[in-house]
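# Residue-level structural notes
This is what each chain is made of:
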Amino acid sequence: MTEEQKALAAELDCLSADAARLSVDAARLADCVRRLGRSGDPIDDLREGLFLTVEQAATVCTVADQAIYNWIDVAARMRRPIAEKRARVWIIDTARLLAYVEKHRGRLPARVKAENRLKEFWPIWSGPQELRRM
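Let me sum up the structure you'll find in this document. (Residues numbered from 1 in each chain as written. Predicted model: local features only at pLDDT ≥ 70, side-chain atom pairs only at ≥ 80, totals over all residues. Heavy atoms only, no water.)

### Things to note about the side chain of D93
Position of D93 among the secondary structure elements: in strand β3 (residues 89-93). Only 2.9 Å separates the side chain of D93 from the backbone nitrogen of R96, close enough to count as a polar contact. (Helix = DSSP H or I, 4+ residues; strand = E, 2+ residues; numbered from the N terminus. Polar contact = N/O pair within 3.5 Å; in protein donor to acceptor, adjacent residues only side chain to side chain.)

### Considering the sheet that holds strand β2 (residues 83-86)
Note: strands within a sheet are paired through backbone hydrogen bonds, in either parallel or antiparallel orientation. Read across the sheet, three strands follow the order β1-β3-β2 without closing on themselves; strand pairing throughout is antiparallel. The sheet terminates laterally at β1 (51-52) and β2, the two strands that pair on one side only. Here helix α6 (residues 94-104) sits on the sheet in contact with β1 and β3, set at roughly 70° to β3. (Pairing = 2+ DSSP bridges. Contact = heavy atoms within 4.5 Å. Axes fitted to C-alpha atoms, helices over the stretch in contact; angles between N-to-C directions.)

### Section: the packing of helix α5 (residues 65-77) against α6
Put simply, α5 and α6 touch, their axes get as near as 12 Å, and they point 85° apart. When the interaxial angle is binned, α5 and α6 end up roughly perpendicular. Contact with α5, carried on its side by W71, V74 and A75, involves L97, Y100 and V101 of α6 and no other residues of that element. In the contact of α5 with α6, the residues fall into six nonpolar, no polar and no charged. (Parallel < 35°, antiparallel > 145°, perpendicular 65-115°, else oblique. Nonpolar A, V, L, I, M, F, W, Y, C, P; charged D, E, K, R; others polar.)

### Quick word on the environment of A64
The residue A64 is located in the loop between α4 (54-61) and α5 in this model. Through-space distance from the C-alpha of A64 to that of V54 is 9.3 Å; in sequence the pair is ten residues apart.

### A look at the pattern of salt bridges
Per the counting criterion, the structure on display carries four salt bridges. Connected through shared salt-bridge partners, E102, R111 and E115 make up one network. (Salt bridge = Lys/Arg side-chain N within 4 Å of Asp/Glu carboxyl O.)

### Digging into α5
An ideal rise of 1.5 Å per residue puts 18 Å on 13 residues; α5 measures up with 19 Å between its terminal C-alpha atoms. Where the residues of α5 are buried, they touch α4, β2, β3 and α6. Downstream of α5 by one or two residues, R79 has phi in the positive range, about 60°. (Expected span 1.5 Å × (residues − 1).)

### Section: the nonpolar core
Nonpolar side chains in soluble globular proteins tend to be buried together. One finds C61, I68, W71, I72, I82, I92 and L97 to be the most contacted residues of the largest nonpolar core, which totals 22 residues. Every residue in contact with C61, bar those within four places of it in the chain, is listed here: W71, L97, V101 and A114. (Core = buried A, V, L, I, M, F, W, Y, C linked by side-chain atoms within 4.5 Å. Buried < 20%, exposed > 50% of the residue type's maximum accessible area, 1.4 Å probe, protein only.)

### Section: unusual backbone geometry
You will see that A87, though not glycine, has its phi angle at about 50°, which is positive. Checked against the element boundaries, A87 lands in the loop between β2 and β3. The exposed category is assigned to A87, whose relative accessible area is 73%.

### Notes on helix α7 (residues 107-125)
Because an α-helix packs 3.6 residues into every turn, residues spaced three or four apart end up facing the same way. A rise of 1.5 Å per residue sets the reference length of α7, with its 19 residues, at 27 Å; its end C-alpha atoms lie 26 Å apart and thus fit the reference within 8%. Of all the bends found along α7, the most pronounced is centred on K119 and spans about 30°, while P123, a proline, follows it within four residues. By the burial criterion, the buried members of α7 are A110, R111, A114, L118, F121 and W122. (Bend = angle between axes of the 7 residues up to and from the residue.)

See the structure below:
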């Protein structure tokens, strides 16, 4: 059994212990299961919308960038992080963000709204970007 599979099994154990978190964690776990068969190419993950920038997350959730920074901080303090900071850039896990929105920022209607906005904006964001020449 791989480390990822062990982690997934541990998460499932936690789910069975706390039914109140079921809908929020189930979506995140479903995303993890989808990733199990993948080669793990991070570029493909970025292209498929599994990760967002703070600006993108703010657009999807119709809030200011500062609200996203606050949510990152609150989620980390609750030991349910939604993002990682790498090279001064926050990389937000889309599934965790949506689960956070559902649980703490408006329940299912807010999540559905955010998912719909992501579907609306992702074709624009995922298109080829022109390199800046110096």
